[in-house]
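Listed here are the chains, written in short residue letters.
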Amino acid sequence: MSKRAVENVEDCSTKQAAKRNKHWSLGLVESMKDPEVIYKETKSIVVIKDKYPKAMIHYLILPHEEISSIYKLNKTHLNLLNEFGSMFNLIKEEHDSELRAGFHAVPSMQRLHMHVISTDMNSPSLKTKVHWNSFTTSFFISYEELIKKLTEDGYIQKISNDTHKILMSLPLKCNQCSFEPKNMPQLKQHLLSHIK
DNA sequence: GTTCTAGAAC
DNA sequence: GTTCTAGAAC
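Residues numbered from 1 in each chain as written. Chains lettered and ligands numbered in written order. Predicted model: local features only at pLDDT ≥ 70, side-chain atom pairs only at ≥ 80, totals over all residues. Heavy atoms only, no water.

- Per an unreviewed UniProt entry, the recorded name for chain A is Aprataxin, and the organism is Vanessa tameamea.
- According to its UniProt record, chain A has this under Subcellular location (unreviewed entry): "Nucleus". (UniProt positions renumbered as here; feature names shortened; annotations may be inferred.)

**Thoughts on the sheet that holds strand S6 (residues 140-142)**
Line of reasoning, step 1. Here we have six strands laid out as an open sheet, ordered S1-S2-S3-S5-S4-S6, and antiparallel in their pairing. Looking at the sheet topology across the chains shown, the edges are occupied by strand S1 (38-41) and S6. Strand after strand, the sheet turns through a mean of 30° between neighbouring axes, direction not considered.
Line of reasoning, step 2. Where strand S2 (residues 45-49) and strand S3 (residues 58-63) come together, five bridges link them in antiparallel fashion. Within S3, the residue paired with Val-47 across the bridge is Ile-61.
Line of reasoning, step 3. Set on the sheet, helix H3 (residues 78-93) makes contact with S1, S2, S3, strand S4 (99-104) and strand S5 (114-118); between it and S3 the angle comes to about 155°.
Line of reasoning, step 4. Most of the contacts of helix H4 (residues 129-136) go to S4, to which it runs at about 105°, and overall it touches S3, S4, S5 and S6. (Pairing = 2+ DSSP bridges. Helix = DSSP H or I, 4+ residues; strand = E, 2+ residues; numbered from the N terminus. Axes fitted to C-alpha atoms, helices over the stretch in contact; angles between N-to-C directions. Contact = heavy atoms within 4.5 Å.)

**Quick notes on the pairing of S2**
A regular strand places its side chains on the two faces of the sheet in alternate fashion.
Line of reasoning, step 1. For S2, the tally of buried residues reaches four of five residues, placing the bulk of the element in the interior.
Line of reasoning, step 2. As paired strands, S1 and S2 are joined by three bridges and run antiparallel to one another. Its bridge partner lying in S2, Lys-40 is registered against Val-47.
Line of reasoning, step 3. Following S1, the chain reverses through three residues before pairing antiparallel with S2. (Buried < 20%, exposed > 50% of the residue type's maximum accessible area, 1.4 Å probe, protein only.)

**Notes on the packing of aromatic side chains**
Line of reasoning, step 1. Applying the stated criterion across every chain yields a total of three aromatic pairs.
Line of reasoning, step 2. On the numbers, 6.4 Å between centres and 15° between planes, the contact of Phe-84 with Phe-103 is stacked. Remark: Phe-103 occurs in strand S4 and Phe-84 occurs in helix H3; sequence separation between them is 19 residues. The same class applies to Phe-84 and to Phe-103, which are both buried.
Line of reasoning, step 3. Taking the centre distance of 5.9 Å and the plane angle of 40° together, the rings of Phe-135 and Phe-140 count as tilted.
Line of reasoning, step 4. For Phe-140, a relative accessible area of 8% gives the class buried. (Phe/Tyr/Trp six-rings, centres within 6.5 Å; stacked < 30°, edge-to-face > 60°.)

**As for the protein's contact with DNA strand B**
Line of reasoning, step 1. Inspection of the region around DNA strand B gives Trp-24, Tyr-52, Lys-54, His-104, Ser-108, Met-109, Lys-127 and His-131 as its neighbouring residues.
Line of reasoning, step 2. What you see for DNA strand B is that sugar and phosphate hold 54% of its atoms within 4 Å of the protein.
Line of reasoning, step 3. At 3.1 Å from a phosphate oxygen of DNA strand B is found a side-chain nitrogen or oxygen belonging to His-104.
Line of reasoning, step 4. Take Ser-108: an N or O atom from its side chain is 3.3 Å from a phosphate oxygen of DNA strand B.
Line of reasoning, step 5. Among the residues making up the surface near DNA strand B, the classes are represented as three nonpolar, three polar and two charged. (Near = heavy atom within 4 Å. Polar contact = N/O pair within 3.5 Å; in protein donor to acceptor, adjacent residues only side chain to side chain. Nonpolar A, V, L, I, M, F, W, Y, C, P; charged D, E, K, R; others polar.)

**Focus: the pattern of salt bridges**
Line of reasoning, step 1. Following the criterion strictly, the structure yields five salt bridges and no others.
Line of reasoning, step 2. The salt bridge partner of Lys-40 is Glu-94, with a shortest N-O separation of 3.0 Å. With Lys-40 in strand S1 and Glu-94 in the loop between H3 and S4, the pair connects residues that are 54 residues apart, well separated along the chain.
Line of reasoning, step 3. We classify Glu-94 as partly exposed; its relative accessible area is 41%.
Line of reasoning, step 4. Look at the salt bridges and you will find they share partners, linking Lys-22, Glu-30 and Lys-33 into a network. (Salt bridge = Lys/Arg side-chain N within 4 Å of Asp/Glu carboxyl O.)

**A look at the state of the cysteines**
Line of reasoning, step 1. In this structure the tally under the stated criterion is zero disulfides.
Line of reasoning, step 2. Not engaged in a disulfide, the cysteine Cys-174 finds its nearest cysteine sulfur in Cys-177; these two sulfurs lie 3.8 Å apart.
Line of reasoning, step 3. Take Cys-177: its relative accessible area is 27%, and that puts it in the partly exposed class. (Disulfide = S-S within 2.5 Å.)

See the structure below:
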C-alpha cells in the first residue's frame, strides 16, 4: 500500500469514521456479508461475484478468517489454501469456459482473495492498462505458483515498487495470441475476435 | 478498488 | 477537435 493510501486508511479512524464511512479497501469484507453477491459458502471460505468483473466469469474466493493479504500467509495456511483449490475445481466443473485462479502480487483490497476468472477478458469493467497487466503479466500469481512458493519458502516475498511499476507499464499484449494492440479500445475490440 | 478529468496523444 | 491515458481524491 502506498504512503498516501496508508494515510487515507489512518484518516478513516478519525474524520471518515465519524461519518460512519468505511474505507474503500474494506469493500470485500463488506461484500462477504451480502447474500446478493455470495455464490458459494463453506465453514471456512466464501465465494463472491466480483463487483467489477474483468471477464465474463469473475469470482473471488476469500477466507472467513481475518487474513489481510498473501503476505500474511505461512505454511499453517496450506490446509486453508487447499480448500481454495477444491473450490476452484468445483467452480470449474460448473462452467464451460476456461478458468484461471490466482492472486495479485500487490492487492488493493483487504482480505486475502483469490481471483477465479475466465480467459475471455471481455467485460465493460475492464478499462485500463493496469487492469489488463494485473491479470496477464507475472503480477498475477497463479494458485499453483503461490502454493509452490509458500511450500518452499514458508512465506510470500513482496515485489519491489520498481518491479510493480515495470509490470504495470509493460506494453499491451493479447492473452490469447501474439497481437500487440496500441491502446485499450483496440485491445477490447480485438478480444471479441477470440470469442466463439 | 473506482471516479473524474486535465492534458497528452492522435 | 476528439480520443485516450494517468494521477488525485482531504
